[in-house]
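Per-entry structural report
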Amino acid sequence: METVTDIRSSGRPEIFDRVNTDGLFGRTRRLQQPLGQHFRETETPRYLAYNSQSGVIAAQGNEGLTPAGDYRAYLLATNGRVMFVVGDDDGDRTISLPYEDIVAVRCTSGLRTSTLEIVTVDEDCWAFECKGDLTPVREFVDEATQVWTRTLTELDRAESQVEAAVTALEATDLETAATHITAAQEALDNGRGRVEALGATASIDERCQSTQAQIDTCQRRRHVSAAEQHRDTARRAWENRAYERAADAYAQAKTEYERALAVTAPEPPTETIADARNAIEAEYAELLSAPVDAAQVAASAARATTDPAARATHWEDALDRYRTAYELDWGRDRRFDGDRASLRQALADIAVELVDTHREAGRQKRREGSEESKRETPGAACGSATAHLERAREVATELVPDRREPPADELAAASEQGISVESESKGR
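Residues numbered from 1 in each chain as written. Predicted model: local features only at pLDDT ≥ 70, side-chain atom pairs only at ≥ 80, totals over all residues. Heavy atoms only, no water.

**Details of the overall build of the chain**
Per the secondary structure count, the chain includes ten helices and eleven strands. When burial is assessed residue by residue, the chain has 45% of its 428 residues classed as buried. Across the chain, the fraction of contacts at a sequence separation of at least 24, relative to all contacts at a separation of at least 6, is 62%. Carbon together with sulfur atoms contributes 45% to the accessible area of the chain, which is approximately 22,000 Å² in total. (Helix = DSSP H or I, 4+ residues; strand = E, 2+ residues; numbered from the N terminus. Buried < 20%, exposed > 50% of the residue type's maximum accessible area, 1.4 Å probe, protein only. Contact = heavy atoms within 4.5 Å. Areas by Shrake-Rupley, 256 points an atom, 1.4 Å probe, with all protein chains shown as cover.)

If you want it as structure tokens, here you go:
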């Protein structure tokens, strides 16, 4: 076997599977156990080197490892670490240096040998010498160290962004939460992507899965919180008879709940989200009939009222509500209950009722004005009569000129009566 082997090009070395080798003077034992038993199945070996005497040299007060007898010392660079395995009668001795713990790697060459030096975060320094060129090993270890350093930096950033997202969610700052969630996912993907080139994702799978689960939980929580905000907006808009805005908000709420359900996460519970989405659908269905229902209720209240002035107030409310229903955006895919033709007819019929009721109320107030002229504080009824008749004139002229004549004569008479009552009051 070459003293330095590129496993990617030469294939799996014999020492991985058996420790005895045949030589000129018989079978020689190199390790107590095959080298393949010293690294994990998730690891991919890349470079292998050995020496027979110098072993692993340590600095900074650490104890070096020297092979005994005919045993050897091996350097194995995998996609996750550098490992030294030194054979001995009492059992193989190992040193494991994960790339995230390596801060420097150097290679020096002599006349017939080269030496690889590795420095760790604890300032330990390990040197391995062999009769071969260790420069390719240094280049690989240096590159792998940089990849792992950047990977762990990205994973740290992802976890930090998750913490920031949780804080923003607790403050119901959904926009900031979304920014942190996006940054966390980006950092996690970057971290995973960097080690994929080394084929070492298995070594960080557990951490990545944990971080991904936290990101997904934050994402689901954000969608649910957004849905709740849209639902509150819809209800307020409904109360203010802004039906289109309410419908849009309900649609947004449903979308956010469905986005939450599309995210695999334990919290909030799927059943709770599904129940909330179903409730949204039920409220939305009720909203579609609300404009016409509210208008019909107001019209029924008007028909049930006997006092002309009070009935006129109810008809005004009914007219306003029917007008709101009529002016909805019927050109969208969303369809409220009712249709424009029937609503237009209802508006005309209510306008007729409103004109007649205001005229009736105006006549009643004129009669009351005649009686007021005999009291000490006349004039209020006459003013009210004029207001009712003026409103009757406005509605008739604007909405139903073909069905009702404006009460011009009655309005003039009410105005004259008011002037007469006022003059009498000043003469007293």
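Now that the structure is up, let's keep going.
**So, the sheet that holds strand β10 (residues 114-120)**
Ordered by their spatial adjacency, four strands build an open sheet running β5-β11-β10-β9, and the pairing between neighbours is antiparallel. Both edges of this open sheet fall to β5 (56-58) and β9 (102-109), since each of them pairs with a single strand only. Ignoring strand direction, the axes of neighbouring strands in this sheet form an average angle of 20°. Examined bridge by bridge, β5 and strand β11 (residues 125-130) share three bridges and lie antiparallel to one another. By the bridge assignment, Val 56 is partnered in β11 with Phe 128. Helix-sheet contacts for helix α2 (residues 135-170) involve β9 and β10, and the interaxial angle to β9 is about 165°. (Pairing = 2+ DSSP bridges. Axes fitted to C-alpha atoms, helices over the stretch in contact; angles between N-to-C directions.)

**A short note on the packing of α2 against helix α3 (residues 174-196)**
Where α2 contacts α3, the axes come no closer than 8 Å and their chain directions differ by 160°. It follows from the interaxial angle that α2 and α3 lie roughly antiparallel. Seen along the crossing, α2 lies across α3 with a hand that is left-handed. By residue class, the composition of the contact of α2 with α3 is 17 nonpolar, six polar and five charged. (Parallel < 35°, antiparallel > 145°, perpendicular 65-115°, else oblique. Left-handed = near helix turned anticlockwise from the far one by under 90°. Nonpolar A, V, L, I, M, F, W, Y, C, P; charged D, E, K, R; others polar.)

**Regarding helix α7 (residues 308-326)**
Compared with an ideal rise of 1.5 Å per residue, which puts 19 residues at 27 Å, α7 spans 26 Å between its outermost C-alpha atoms and is within 8% of the ideal. Taken as a whole, α7 has its buried residues at Pro 308, Ala 309, Arg 311, Ala 312, Trp 315, Ala 318, Leu 319, Tyr 322, Thr 324, Ala 325 and Tyr 326. (Expected span 1.5 Å × (residues − 1).)

**Details of the packing of aromatic side chains**
Any aromatic ring pair is given by two values, namely how distant the centres are and how the planes are angled relative to each other. Across all of its chains, the model carries six aromatic pairs by this definition. For the ring pair Phe 84 and Phe 128, a centre distance of 5.8 Å and an interplane angle of 20° mean the geometry is stacked. One end of the pair, Phe 84, is in strand β7 (residues 81-86); the other, Phe 128, is in strand β11, with 44 residues separating them in the sequence. For Phe 128, a relative accessible area of 0% corresponds to the buried category. Taken together through their ring pairs, the aromatic side chains of Tyr 47, Tyr 99 and Phe 140 make up a single cluster. Taking NZ or CZ as reference, Arg 340 lies 4.4 Å from the ring centre of Tyr 326, over its face. (Phe/Tyr/Trp six-rings, centres within 6.5 Å; stacked < 30°, edge-to-face > 60°. Lys NZ or Arg CZ within 6 Å of the ring centre and 35° of its normal.)

**So, the sheet that holds strand β1 (residues 4-6)**
Spatially, β1-β4-β6-β7-β8 is the arrangement adopted by the five strands of the open sheet, whose pairing is antiparallel. Looking at the sheet topology across the chains shown, the edges are occupied by β1 and β8 (93-98). Put simply, the sheet's adjacent strands are angled 15° from each other on average, direction ignored. Here β7 pairs with β8 via six bridges, running antiparallel. Residue pairing in the sheet places Val 82 in a bridge with Leu 97 of β8.

**Regarding the pattern of salt bridges**
Summed over all chains, the structure comprises 20 salt bridges. Between Glu 117 and Arg 106 there is a salt bridge, with its nearest N and O atoms 3.3 Å apart. Residue Glu 117 is located in strand β10, and its partner Arg 106 is located in strand β9; the two are separated by eleven residues in the primary sequence. The class for Glu 117 is partly exposed, based on a relative accessible area of 24%. Residue classification places Arg 106 among the partly exposed residues on the basis of a relative accessible area of 40%. Note that Asp 189 and Arg 192 form a salt bridge whose closest N and O atoms lie 3.2 Å from each other. With Asp 189 and Arg 192 both in helix α3 and three residues apart, this pair spans about one turn of that helix. Classification of Arg 192 as partly exposed rests on a relative accessible area of 23%. The structure contains a network of salt bridges with shared partners spanning Glu 154, Arg 157 and Glu 186. (Salt bridge = Lys/Arg side-chain N within 4 Å of Asp/Glu carboxyl O.)

**A look at the environment of Thr 149**
Relative to the helices and strands, Thr 149 is located in helix α2. C-alpha separation for the pair Thr 149 and Asp 101, spaced 48 residues apart in sequence, amounts to 8.8 Å.

**A closer look at the environment of Gln 53**
For Gln 53, the location among the structural elements is in the loop between β4 (45-51) and β5. Residue classification places Gln 53 among the exposed positions, given a relative accessible area of 67%. Residues Gln 53 and Ala 73, spaced 20 residues apart in sequence, show a C-alpha to C-alpha distance of 7.6 Å. If near-sequence neighbours (up to four positions away) are discounted, Gln 53 is found in contact with Thr 66 and Pro 67.

**Considerations on a negative patch on the surface**
A contiguous patch of negative charge, built from Glu 100, Asp 101, Asp 122 and Glu 123, is present on the exposed surface. Among the secondary structure elements, Asp 122 is positioned in the loop between β10 and β11. (Patch = residues over 30% accessible without salt bridge, like charges linked within 9 Å, V, L, I, M, F, W, Y side chains within 5 Å. Lys, Arg positive; Asp, Glu negative; His and termini not counted. Charge placed at Lys NZ, Arg CZ, Asp CG, Glu CD.)

**Side note on the pairing of strand β6 (residues 73-78)**
Within β6, six of the six residues are buried, which leaves it mostly tucked inside the rest of the structure. Here β6 shows no split at all, with Ala 73, Leu 75 and Ala 77 on one side and Tyr 74, Leu 76 and Thr 78 on the other all buried. Here β4 pairs with β6 via six bridges, running antiparallel. Bridged to Pro 45 within β6 is Thr 78. Bridge count for β6 against β7 is five bridges, and the pairing is antiparallel.

The analysis is restricted to geometry; functional conclusions fall outside its scope.
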